[in-house]
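Results of the structural survey
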Amino acid sequence: MEWEKEAEDILDHIAVPPMMAQFVRMDAERRALQKGQSKVTAAHARATMKGYERTFGCEVTDVIRRMGRGEDVGLPDAFFEDDDGELFKIDLCPAKYGACTAEKREMMLAVLVPLREKLKQLNATSIVIEKARTPLMSHHVFRIAIIGCPNCCMSPYFNDFGIICQLRPTVKSEGCTQCQACVTSCSEGAITLQNGSPVIDYERCVLCGGCEKECKQEVIFTKEKGYKVVVGGTGSRHPRIAQTVAQWTDATGVTAILEKALTAYHEFPVEKKEIPFHEMVCRLGVDVLRLTGARKPGTAATTESAEKRNIFQ
Ligand code: SF4
Ligand code: SF4
Ligand code: SF4
């Protein structure tokens, strides 16, 4: 595919979250290809730029530009720590650059900080070293993904340990103007208007929290927040999707599951052949990693305990 110089220049200055940068040129080429053209023009490059601005919002692209200029953008430093010298890596979804809501970032931060502390306290790096039987390489790194909502813009299911923030919407009985914004915005079709008020079908709802921000009347709001924990995924030679260990827990529950998982790995018998973490999870099954007394969202106990500990504020 040929490229106009102006198209190259435009995309040299595009502001997207770094994990998306690899897709920018391909997106411009896609636009040319789909129009039957063999050269990427400035028009294709501008369309690519607009597409990403629409997807992430102008605020995010502005934040990324300001970060590029070295300005303080007011996002938590913890989001950008590299964990250099460690054999664990924590990735966060594009919300870390200001995409989506502050509420989701607060949830991500509330679990990120104790999780990083726990990884250091458990000496996760030493555990990985102890288990390795081949020269240390990137596939040895214990990978953790923290995702701001179940849209999963960056899949936690191919990581050793994945955490998905969940927001359960609730409705007030009064104040709905029947504008339909919530109904049309829910891609799961989980909201209907009945007798002038929204009704949420929790069998369909994936707990993304998207409807709350659509409702300007604040008829829909988030009362409960929790984390889903998935463990044992890998995208390596024998790909495996992480399995769910907890459907709904708090930050303390997440770190407790991490501790169980790393302790199990530490204690897992060493064999001549290397046993990666995901292989151990496959052999042991995830039941041994579950916490006792886990509750489902929407029960009085969950709400009460959450409010008592002030963890979902
Ligand atoms: S996963 Fe959710 S919170 Fe994260 S960037 Fe995607 S939509 Fe936003
Ligand atoms: S939280 Fe997400 S899936 Fe659930 S009703 Fe709202 S928009 Fe739909
Ligand atoms: S967005 Fe809010 S006001 Fe509009 S229909 Fe839904 S609940 Fe009613």
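Attention shifts here to the pairing of strand 4 (residues 142-147). With six of six residues buried, strand 4 is to be regarded as a mostly interior element. In the sheet, strand 3 (residues 88-92) pairs with strand 4 via five bridges, with the strands oriented parallel. Considered in strand 4, the bridge of Leu-92 is made with Ile-146. Two elements, strand 4 and strand 5 (residues 161-171), share four bridges in a ladder whose sense is parallel. By the bridge assignment for strand 5, Ala-145 is matched with Gly-162.

Looking now at the sheet that holds strand 4. As summarised here, the arrangement of the five strands in space is 3-4-5-8-9, forming an open sheet in which the pairing is mixed. The sheet is open, and its two edges are formed by strand 3 and strand 9 (243-249), each paired on a single side. Strand-to-strand twist across the sheet, computed as the mean angle between neighbouring axes with direction ignored, equals 20°. Sitting on the sheet, helix 9 (residues 251-267) touches strand 5, strand 8 (220-231) and strand 9, and the angle it makes with strand 9 is about 150°.

In this section: helix 10 (residues 277-284). Of all the positions in helix 10, only Phe-277, His-278 and Val-281 are classed as buried. Buried residues of helix 10, seen end-on, are gathered within an arc of 100° and therefore sit on one face of the element. For helix 10, the secondary structure elements touched by its buried residues are strand 4, strand 8 and helix 9. Positive backbone phi, at 85°, marks Gly-285, one or two positions downstream of helix 10.

Under the domain assignment, the protein is made up of domain 1 (2-68), domain 2 (77-167 + 225-309) and domain 3 (170-218). The centre of domain 2, based on its C-alpha atoms, is set 31 Å off from the matching centre of domain 3. Contact with domain 2, which involves seven residues of that partner, is made by six residues of domain 3.

Procedures and definitions
Residues numbered from 1 in each chain as written. Chains lettered and ligands numbered in written order. Predicted model: local features only at pLDDT ≥ 70, side-chain atom pairs only at ≥ 80, totals over all residues. Buried ≥ 20, exposed ≤ 12 C-beta atoms within 10 Å, placed from the backbone. Helix = DSSP H or I, 4+ residues; strand = E, 2+ residues; numbered from the N terminus. Pairing = 2+ DSSP bridges. Axes fitted to C-alpha atoms, helices over the stretch in contact; angles between N-to-C directions. Contact = placed C-beta atoms within 7 Å. Arc of directions from axis to C-beta. Domains from an automatic or database assignment.

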